[in-house]
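The residues making up each chain are set out below.
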Amino acid sequence: MRTQIIVLMVLFVLLVCISMTSFANADNYGTLGMSFKDSPVVCICEPHPSYTDKSDEIVLAAKDSVQLWVNALNTHSPNGNWDIETFVIPIDKHHTANAYDFPVCDILIAFEHSATTRQLGFTHMNFSQSSHQYSQSTIFLNDFRTTEHYDLNLDTGEYVHVNTTYKLTEFSMIAVQNIITHEFGHALGLGHYQITDYPIYTDDYPWLEASIMYYALNPDVQELGSPTYVDVLMLEEIYYTDGFGGNPVPKIPR
């Protein structure tokens, strides 16, 4: 009897350890609780010339990013309607305007200069008005980095802060496109993909292969990323396998 109890206790401990390992190594992928009932219309806002002299290249990168999503959806979910229309809004039409001035646009892609952070971009949604529900992805075109400078105090042996220098450099076009592709996933309703046991940064950039929605996008990686099978599966959780405008869209859990 005592032997049986000891065996049962060992089995219980093993089961607990296995369960804990499973949770520790689990992926986490969610949605943002919003979705479009029909095929979204995407409006790309032409960058202001004071931000960049590569406006045409950036607009093309935005178009390519949207097309990467369309290609992935049609490849991995071929029975769905994944049509997305894309338009470009010239700078003179949108520079002093806001999203409500373009009611036809379901998703807007805009470009800005970074302020004082290393933020790559962000996406916000406004579904408060039934007349115009939209997502807007703002992409930063430059990297704002700070460097702290210290001098060694020979008397105390301690390092003393001298000053801080700031450097503003443009992201590469590959980095810009990766940021757009990532933020566009948010605009469609996807959250971040998180993983605990993946070798994120190696020579082969496996994070690009895992999901374009990986939460720690690296702008220094010079390899184009694209939506993967798991990204398409998550969009099917939102829009079902028949795609945009198919089955009635329920309230998606956050």
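Structure first, text after, so check above.
The paragraphs below set out a description of the structure included in this document. (Residues numbered from 1 in each chain as written. Predicted model: local features only at pLDDT ≥ 70, side-chain atom pairs only at ≥ 80, totals over all residues. Heavy atoms only, no water.)

Turning our eyes to something else, we now look at the overall build of the chain. From N to C terminus, the chain includes six helices and nine strands. Expressed as a percentage of its 254 residues, the buried residues of the chain come to 41%. Pairs at least 24 apart in sequence give 70% of the contacts found in the chain among residues at least 6 apart. (Helix = DSSP H or I, 4+ residues; strand = E, 2+ residues; numbered from the N terminus. Buried < 20%, exposed > 50% of the residue type's maximum accessible area, 1.4 Å probe, protein only. Contact = heavy atoms within 4.5 Å.)

Where nonpolar side chains cluster on the molecular surface, the patch consists of Tyr 150, Leu 152, Leu 154 and Tyr 159 and spans about 510 Å² of accessible area. With respect to the secondary-structure elements, Tyr 159 resides in strand E8 (residues 159–170). Note on Tyr 159: relative accessible area 60%, which makes it exposed. (Patch = residues over 30% accessible without salt bridge, like charges linked within 9 Å, V, L, I, M, F, W, Y side chains within 5 Å. Areas by Shrake-Rupley, 256 points an atom, 1.4 Å probe, with all protein chains shown as cover. Salt bridge = Lys/Arg side-chain N within 4 Å of Asp/Glu carboxyl O.)

Before going further, it helps to examine the nonpolar core. Ile 109, Phe 111 and Phe 184 are the most contacted members of the largest nonpolar core, which totals 44 residues. Contributions of two or more residues to this core are made by strand E2 (41–45), helix H2 (55–76), strand E4 (107–112), helix H4 (173–188), strand E9 (190–194) and helix H6 (229–239). The dominant element in this core, judged by the number of residues it contributes, is H2, at nine residues. With residues up to four places along the chain from it excluded, the contact list for Phe 184 reads Val 42, Val 66, Trp 69, Ile 84, Ile 107, Ile 109 and Ser 137. Ranked by size, the runner-up nonpolar core spans ten residues in total, among them Val 41, Cys 43, Cys 45 and Leu 108. (Core = buried A, V, L, I, M, F, W, Y, C linked by side-chain atoms within 4.5 Å.)

Between the first and last C-alpha of H2 there are 32 Å, a value that for 22 residues agrees with the 32 Å anticipated at 1.5 Å per step. Those residues of H2 that sit buried are Ser 55, Ile 58, Val 59, Ala 61, Ala 62, Ser 65, Val 66, Trp 69, Val 70, Ala 72 and Leu 73. Here the buried face of H2 lies against E2, strand E3 (85–89), E4, H4, E9 and H6. (Expected span 1.5 Å × (residues − 1).)

By the secondary structure assignment, His 192 is in strand E9. Given the relative accessible area of 34%, His 192 is considered partly exposed. Each C-alpha atom, one on His 192 and one on Thr 31, is 7.9 Å from the other, the two residues being 161 residues apart in sequence. The contact partners of His 192, leaving out residues within four places of it in the chain, are Asn 28, Tyr 29, Gly 30, His 182, His 186, Met 213 and Tyr 215. A distance of 3.1 Å separates a polar atom in the side chain of His 192 from a polar atom in the side chain of His 186. (Polar contact = N/O pair within 3.5 Å; in protein donor to acceptor, adjacent residues only side chain to side chain.)

Moving on, we get to the state of the cysteines. When the sulfur atoms of two cysteines share a covalent bond, that bond is a disulfide. The full count for this structure, using the stated rule, is one disulfide. Through a disulfide, Cys 43 is tied to Cys 105; the S-S separation comes to 2.0 Å. Classification of the bridge connecting Cys 43 and Cys 105 rests on its S-S torsion, roughly -85 degrees, and on that basis the disulfide is left-handed. Of this pair, Cys 43 sits in strand E2 while Cys 105 sits in the loop between helix H3 (91–94) and E4, placing them 62 residues apart in sequence. Of the two residues, Cys 43 and Cys 105, both sit in the buried class. The thiol of Cys 45 is unpaired, and the distance to the nearest cysteine sulfur, on Cys 43, comes to 7.1 Å. (Disulfide = S-S within 2.5 Å.)

For the rest of this paragraph, the subject is the side chain of Thr 138. Position of Thr 138 among the secondary structure elements: in strand E6 (residues 134–140). When its relative accessible area of 5% is taken as the criterion, Thr 138 is described as buried. Those residues within four positions of Thr 138 in sequence are excluded, and the remaining contacts are Ala 110, Glu 112, Gly 121 and Phe 122.

So, on to the layout of surface pockets. Regions of empty space are outlined by a rolling probe, equal in size to a water molecule, passed over the atoms. Volume-wise, the largest pocket comes out at about 290 Å³. Along the wall of the largest pocket there are 18 residues; nearest its centre are His 94, Ala 97, Ala 110, Glu 112 and Gln 136. Elements represented by at least two residues in the lining of the largest pocket include exactly H3, E4 and E6. Its residues placed into classes, the lining of the largest pocket shows ten nonpolar, six polar and two charged. (1 Å grid on protein atoms, 1.4 Å probe; cavity = no way out; pocket = protein on both sides within 12 Å on 5 of 7 lines; lining within 4 Å. Points joined across faces, edges and corners; volume = space filled by probe spheres on them. Nonpolar A, V, L, I, M, F, W, Y, C, P; charged D, E, K, R; others polar.)

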